[in-house]
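Summary of the model geometry
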Amino acid sequence: MTDMHEAPTTAHWQGGDTEQAFLGTLNTDIPWELIHEFSGYVRESGSDGEAQAVDALTRRLAAWGIAHTVHHPRCWISLPRGATVVVALTDGTTRTLTGTTPAFSVPTGDGGIVAPAVTVQTAHAASVNALFAGGVTVGVEVAGKIALVDGLPMPARINDLTRGGVAAAVFVSPGANVHEGICTPIWGTADLGSIGTLPTLAIAEITHPDGAWLREQIAAGVVRDVTVTTRLDTRWRTIPVVVAEITGATEPEHFVLAHGHLDSWGEGIGDNATGDATLLELARALHTHRATLRRSVRVAWWSGHSHGRYAGSTWYADAFALDLIRHCVAQVNCDSPGCRWATEYRDLPWTPELGAFTQAVIRDIAGLPAEGGRPPRAGDYSFNNLGISGTMMLSSTMPDALRAEKGYYAVGGCGGNIAWHSVDDTLEIADRDNLLRDLRVYGGVVWRLANAPVLPFDLAAAGADIRASLMGYADRLGGAFDLRAAIAAADAFIAAAHTFATTATPAGNTKMLRALRHLNTLSLAQRGHFAQEPALDVPPLPDLAAAVSAWTGALLESDIAGAAQTSLLRARNRAVYALDEAARELA
């Protein structure tokens, strides 16, 4: 069976005069005002600066009469306080390199960690998606030494270095500034199943010029030892989560969740003051047009994104899990819109059933094509385990040719500007014209999700995505394990989805949501509905992926091969059951 098909016409639904009236209400006056106000606040999670930002949002929401709540969850938060790398040379001289340390690195104390240094051959990630996924190959010669590593201290790399037994790690930024970040693989605040995976490694990050100098000294054999000192404030903190609700007129119990993070590194204008301002303007305009709003819209601003690995959105996913799983139509993430030179829509995350829909909105409103695909394990996609469909995260970005012309490298936001997560993410990163275009795009996505009589999901695309993954795993297994029952279940679901699409009515919306809860959780979450996956690369059908990897890497008669056989059977059962249940919902 082929996975090529035309998206259902519902994916291209337009809202007519009411949509145009809503979009016409959107403007950048209030967003631009808020962005300038936010430039005066360093919005660390749980800080006074962030509290001022919360006040800036809530006093406007209150003035407009928009119902809102400020929650105050207690989450595990880590605030970096700097790092130094002291290089002792064989001629008796020393040089001190000043940098940063990622959130959840291990503090060393004043004495630091002293050890010989060794270079680990790596490179900075070539793309946004690779930035969040790649590990590092570590040789046995690094044990007990301080590893010098190119790139950013992402969790997969930290895990590999820790397994290699390094004493500490020094990461070399790809640019003249260091980029702040977070190194824990734990998504949100730890639970009993994940607390044992907290980082145990002290990590420093230094600038590219300093890293190049240190690499040269190591290669020349003139480094006696290196001392890494890291300072952090890691503890339980009360953080704010602001949620506004605009109640729909027809189906108020169902809602779209539009959300983004409030906290920042430094001023954080492109990441994410522009997103916070976009969400505020959406809330204002939606409230103005609430009489023609079919479903409700919740607009949320999370703390704990930068300093707690999405702690605020994860807390909300836990605290309101049953409401979300029963009533949330889709989640729309808003991060880094309206940035300088960002004129293209590439690398957009979306679950497959919302791909054609998102492309249609961007084409209709911005007149531009859009490229995207499976969401990386990044951003505030904290609702995958609940099976909730999602679209957007980073929005517009600069063209590759312009990035190459400027000598820029891959970053995780700011429209591709390398000011991302650095002291340079200031007012000049925001672009008012690009902000208006992105604001209208987000407005179109949210408005159509809230108002389409038949929800604009391409169910067959979701089934075809799972089928393609099953076929890929079957090829890797090479006949060693039979996945035909799961592939047949995918074929049956795709057929059911095509039939359903030809006669879909508003009465079938709940059926679609229930079917997608099965499919999205199967595709995105190994641990089921109510546990978070780690902040590491999560392949499609992750439990099957893990079993296939174990099987293909094991000796035929080994204990691991036997265990992998059991896992393959269980993963196949899960896939068949989820696909069958999803098809049954559509029946």
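Residues numbered from 1 in each chain as written. Predicted model: local features only at pLDDT ≥ 70, side-chain atom pairs only at ≥ 80, totals over all residues. Heavy atoms only, no water.

Strand order in the open sheet formed by 4 strands is β5-β6-β7-β8, and the pairing between neighbours is parallel. The open sheet has two free edges, formed respectively by β5 (117–120) and β8 (203–206), since each of these has just one partner strand. In this sheet, neighbouring strand axes are inclined to one another by 25 degrees on average, regardless of whether the strands run parallel or antiparallel. By the bridge criterion, 4 bridges tie strand β7 (residues 168–172) to β8 in an arrangement that is parallel. Looking at the pairing, V172 lines up with I206 of β8. Where helix α6 (residues 208–220) meets the sheet, it contacts β5, β6 (146–150), β7 and β8, and its direction lies at approximately 130 degrees from that of β6. (Pairing = 2+ DSSP bridges. Helix = DSSP H or I, 4+ residues; strand = E, 2+ residues; numbered from the N terminus. Axes fitted to C-alpha atoms, helices over the stretch in contact; angles between N-to-C directions. Contact = heavy atoms within 4.5 Å.)

Between side chains of opposite charge, pairing is possible as soon as their charged atoms come close. Counting across every chain of the model gives 28 salt bridges. Its salt-bridge partner being D29, residue R432 comes within 2.9 Å of it at the nearest N-O pair. With R432 in helix α12 (residues 432–451) and D29 in helix α2 (residues 29–38), the pair connects residues that are 403 residues apart, well separated along the chain. One salt-bridge network, held together by shared partners, links E33, E37, D55, R59 and R60. (Salt bridge = Lys/Arg side-chain N within 4 Å of Asp/Glu carboxyl O.)

Quick look at the packing of aromatic side chains now. If you walk through the whole model with that rule in mind, you get 9 aromatic pairs. Pairing F38 with Y41 gives two aromatic rings, centres 6.1 Å apart and planes at 55 degrees, and the pair type is tilted. Judged on exposure class, the residue F38 and its partner Y41 are both buried. The lysine or arginine in question, K406, covers the ring of W341, its NZ or CZ lying 3.7 Å from the ring centre. (Phe/Tyr/Trp six-rings, centres within 6.5 Å; stacked < 30°, edge-to-face > 60°. Buried < 20%, exposed > 50% of the residue type's maximum accessible area, 1.4 Å probe, protein only. Lys NZ or Arg CZ within 6 Å of the ring centre and 35° of its normal.)

On to unusual backbone geometry. Residue N272 follows D271 across a cis peptide bond; omega there is 20 degrees. Among the secondary structure elements, N272 is positioned in helix α7 (residues 269–288). Positive phi is not limited to glycine here, since F104 has a value of about 75 degrees. Mapping F104 onto the fold places it in the loop between β3 (94–99) and β4 (113–115). What makes F104 buried here is its relative accessible area of 6%. Of note, S336 is a non-glycine position whose phi angle comes to about 65 degrees, a positive value. Along the chain, the position of S336 falls in the loop between β13 (328–333) and β14 (345–349).

With that settled, consider the environment of V106. Examined against the element boundaries, V106 turns out to sit in the loop between β3 and β4. Spatially, the C-alpha atoms of V106 and L232 are 7.6 Å apart, while their sequence positions differ by 126 residues.

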